[in-house]
Amino acid sequence: MFDKFEKKTGVKMDEVFKLAQSLQGANFKDEKTIRNVIKKVSSLANRPVSREKEDMIVKAILDGKVPKDMASMEKMMKKKK
């Protein structure tokens, strides 16, 4: 399963795990922290994020419009189909 992920995304799983570990206890009510996380993910995925999109992501997180757990995320994704 991890091999498929790595082939499809070009991102090594150990890097994903390092990122996840670095996010443990992160303060997602702090704009600077959120922007740093966005930059890390963007760099890891080798996908640039425009300032406009970054601002939208930050606002959504600060406004609590992003799912806080996997169950909520799955429910949100099913609604979009």
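Cut-off values and rules
- Residues numbered from 1 in each chain as written.
- Predicted model: local features only at pLDDT ≥ 70, side-chain atom pairs only at ≥ 80, totals over all residues.
- Heavy atoms only, no water.
- Helix = DSSP H or I, 4+ residues; strand = E, 2+ residues; numbered from the N terminus.
- Buried < 20%, exposed > 50% of the residue type's maximum accessible area, 1.4 Å probe, protein only.
- Areas by Shrake-Rupley, 256 points an atom, 1.4 Å probe, with all protein chains shown as cover.
- Lys, Arg positive; Asp, Glu negative; His and termini not counted.
- Charge placed at Lys NZ, Arg CZ, Asp CG, Glu CD.
- Salt bridge = Lys/Arg side-chain N within 4 Å of Asp/Glu carboxyl O.

## Some points on the overall build of the protein
At step 1: Helix and strand counts for the protein come out as five helices and zero strands.
At step 2: Summarising its shape, the C-alpha atoms of the protein cover approximately 35 × 30 × 25 Å along the three principal directions.
At step 3: The buried share of the protein, taken over its 81 residues, is 12%.
At step 4: Of the roughly 7,000 Å² of accessible surface on the protein, 57% is carried by carbon and sulfur atoms.
At step 5: In the protein, which carries 21 positive and 12 negative side-chain charges, the distance between the mean positions of the two groups comes to 4 Å.

## Regarding the environment of Asn 46
At step 1: As for its position among the elements, Asn 46 is in the loop between α3 (31-45) and α4 (51-62).
At step 2: Distance in space between the C-alpha atoms of Asn 46 and Val 11 is 8.7 Å, their sequence separation being 35 residues.

## So, the pattern of salt bridges
At step 1: Summed over the entire model, instances satisfying the criterion amount to eight salt bridges.
At step 2: Across the pair Asp 55 and Arg 35 runs a salt bridge whose closest N-O atoms are separated by 2.9 Å. Of this pair, Asp 55 sits in helix α4 while Arg 35 sits in helix α3, and the two are 20 residues apart along the sequence.
At step 3: Classification of Asp 55 by relative accessible area gives partly exposed; the value is 32%.
At step 4: Here Arg 35 falls in the buried class, since its relative accessible area comes to 12%.
At step 5: Note that Asp 63 and Lys 59 form a salt bridge whose closest N and O atoms lie 2.6 Å from each other.
At step 6: Each of Glu 31, Arg 35, Lys 39, Arg 51, Glu 54 and Asp 55 takes part in one network of salt bridges that share partners.

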